[in-house]
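Each chain, letter by letter, is given below.
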Amino acid sequence: MAKSIVEEFTKGLWNEVPPFRLVLGLCPTLAVTKTVENGVGMGIATTFVLVCSNVLISLLRNVIPKQVRIACYIVVIATFVTVVELLMQAFAYPLFLKLGIFIPLIVVNCIVLGRAEAFASKNGAAASLADGLGIGIGFTLSLTALSIFREVLGSGTFTVPITSTAYPVFGPAFQPFSFLVEAPGAFVCLGLMLCVMNMLGKK
Amino acid sequence: MRDMLKLLITIAVFSSFSGGLLAAIQSGTKERIEYQQLKFVKGPTLQRIMEGCSNDPLVDRFKLTDGKVERSFFVGVFDGEPNTVALETFGKGYGGEIGVIVAINMEKDEIVGIGVTTHSETPGVGARAKDDPSFAAQFMGMSVKEPFKVKADGGKIDAVTGATISSRGVCGALVDAAEVYMRLKTDIVGKVKAFKT
């Protein structure tokens, strides 16, 4: 474990990018990436929870008894998720309405608990911060890429985050591949992107 | 035994910290969340029926206790006078409760606008009670003392075609709103005065 902090950060962006390399956290990945706005919003919410819980757990790693560590991690994670839920209701209500149940479900996102158990409980706060930030940003970028692909081809629009106005990408004659915004389309997109990433990684 | 105690205490401390933090954030954001919910759920309807007012009815709101329930009232300022008040009531429709916001002019005790907020009526049939402007327009200018009834029940209101039950639900909500308004009128007038600028 002699990796530098920079390495801990950058590994999350490509080598261990969660939905593609680790194939973790697929539930929100597949469910919310119908529009770019939802994908980015979900990514940012998860990143916030991931960074906060990673830092706190790594600071408390010597205090938490081994036998009840998972319970303690879940309390920490659930607290931050509820914080995100409340803040989102207060400041981004339309996004909260769209993401709905998937915000509370961040509690059981394997990425968050996985990083807590596999990384934060064994490393210092600075490394955990870098790890959380890297994995979180990697997750956000993956969701963004997937949602751009699905939204542009699936409904022919591009929803700009924050302003949430949808711009048509193609002309009015465009017939959207509505299959891509359905649930099976999400699997197909994920598979195709995984395939491209593996091809790029090979050379 | 000592180990067990340690585990218990750790979890208890964790949970109480988390509870305390959440309670603090909850009370800190409560006001804003309430405003956001009003803005996105009731806001569009409220703005439509209060068209032309010079204030933001979502901000100029107050609460009154009516028996056991607490009701929200929204104030509309027209021509520099806070003379309109809106409240939401519910009537029983075909698919569940229909929420209706009713705006009442307090000088003339007249209905000046109604708008359906939430409903689960059949799309294309009962749902037209929300979308059909001519249905809502019938209530304009009616006195709050009039009985709000569809023609089938001996009233004056033309029901939406094929949706007597939904129309009756909207009427029921109006009857409720008028009753609440008349019952609480003195309190309402007293509260509204505070919004005079």
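A brief structural summary. Each chain carries its own residue numbering, running from 1 in the direction its sequence is written. As a convention, the first chain written is A and the first ligand written is 1, with the rest following in written order. Thresholds applied to this predicted model are a pLDDT of at least 70 for local features of residues and 80 or more for the giving and counting of side-chain atom pairs; totals over whole chains, interfaces and linings are not thresholded and use all residues. Hydrogens and water are ignored here; the side-chain numbers use all heavy atoms of the structure.

### Some thoughts on the pairing of strand β2 (residues 69–78) of chain B
Residues and elements named next belong to chain B.
Then, in step 1: Working definition: with a 1.4 Å probe on protein chains only, accessible area under 20% of the residue-type maximum means buried, over 50% means exposed, and in between means partly exposed. Numbering goes from the N terminus for both helices and strands, where a helix is a DSSP run of H or I of at least four residues and a strand is a run of E of at least two. Within β2, seven of the 10 residues are buried, which leaves it mostly tucked inside the rest of the structure.
Then, in step 2: One bridge is not enough; two strands pair if DSSP finds at least two bridges between them. Where strand β1 (residues 61–66) and β2 come together, six bridges link them in antiparallel fashion. When the sheet's bridge partners are listed, Phe62 is paired in β2 with Phe73.
Then, in step 3: In sequence, β1 turns back onto β2 through a hairpin of two residues, with Gly67 there showing a positive phi of about 65 degrees.
Then, in step 4: Of the strand pairs in this sheet, β2 and strand β3 (residues 81–92) are connected by five bridges, and their pairing is antiparallel. Bridging from a neighbouring strand, Phe78 pairs with Glu81 of β3.
Then, in step 5: Linkage of β2 to β3, two consecutive antiparallel strands, is achieved through a turn of two residues, within which Asp79 is found at a positive phi near 50 degrees.

### What about the sheet that holds β2(B)?
Pairing between the strands of a sheet is mediated by backbone hydrogen bonds and can be parallel or antiparallel.
Residue and element names in this part refer to chain B.
Then, in step 1: A sheet is described by the order of its strands in space; here five strands give the open sequence β1-β2-β3-β4-β5, paired in antiparallel fashion. Whereas interior strands pair on both sides, the edge strands pair on one side only; in this sheet they are β1 and β5 (110–116). Neighbouring strand axes in the sheet, compared pairwise and without regard to direction, differ in orientation by 30 degrees on average. To define axes, lines are fitted to C-alpha atoms, for helices over the stretch in contact only, and angles between the resulting N-to-C directions are given on a 0 to 180 degree scale.

### Some remarks on the pattern of salt bridges
All names here are of chain A.
Then, in step 1: The term salt bridge refers to a side-chain nitrogen of Lys or Arg lying within 4 Å of a carboxyl oxygen of Asp or Glu. This structure, assessed with the given rule, holds 12 salt bridges over all chains.
Then, in step 2: Where Glu8 meets Lys11, a salt bridge forms, and the shortest distance between an N and an O atom there is 2.7 Å. Pair noted here: Glu8 and Lys11 are both in helix α1 (residues 5–11), with a separation of three residues, about one helical turn. Each member of the pair Glu8 and Lys11 is classed as buried.
Then, in step 3: We note a salt bridge from Arg69 to Glu117, for which the minimum N-O separation is 3.0 Å. Here the residue Arg69 occupies a position in helix α5 (residues 69–91), and Glu117 occupies one in helix α7 (residues 110–120), the gap between them amounting to 48 residues.
Then, in step 4: Arg69 gets classed as partly exposed once you look at its relative accessible area, which sits at 25%.
Then, in step 5: Accessibility expressed as a relative area gives 25% for Glu117, which makes it partly exposed.

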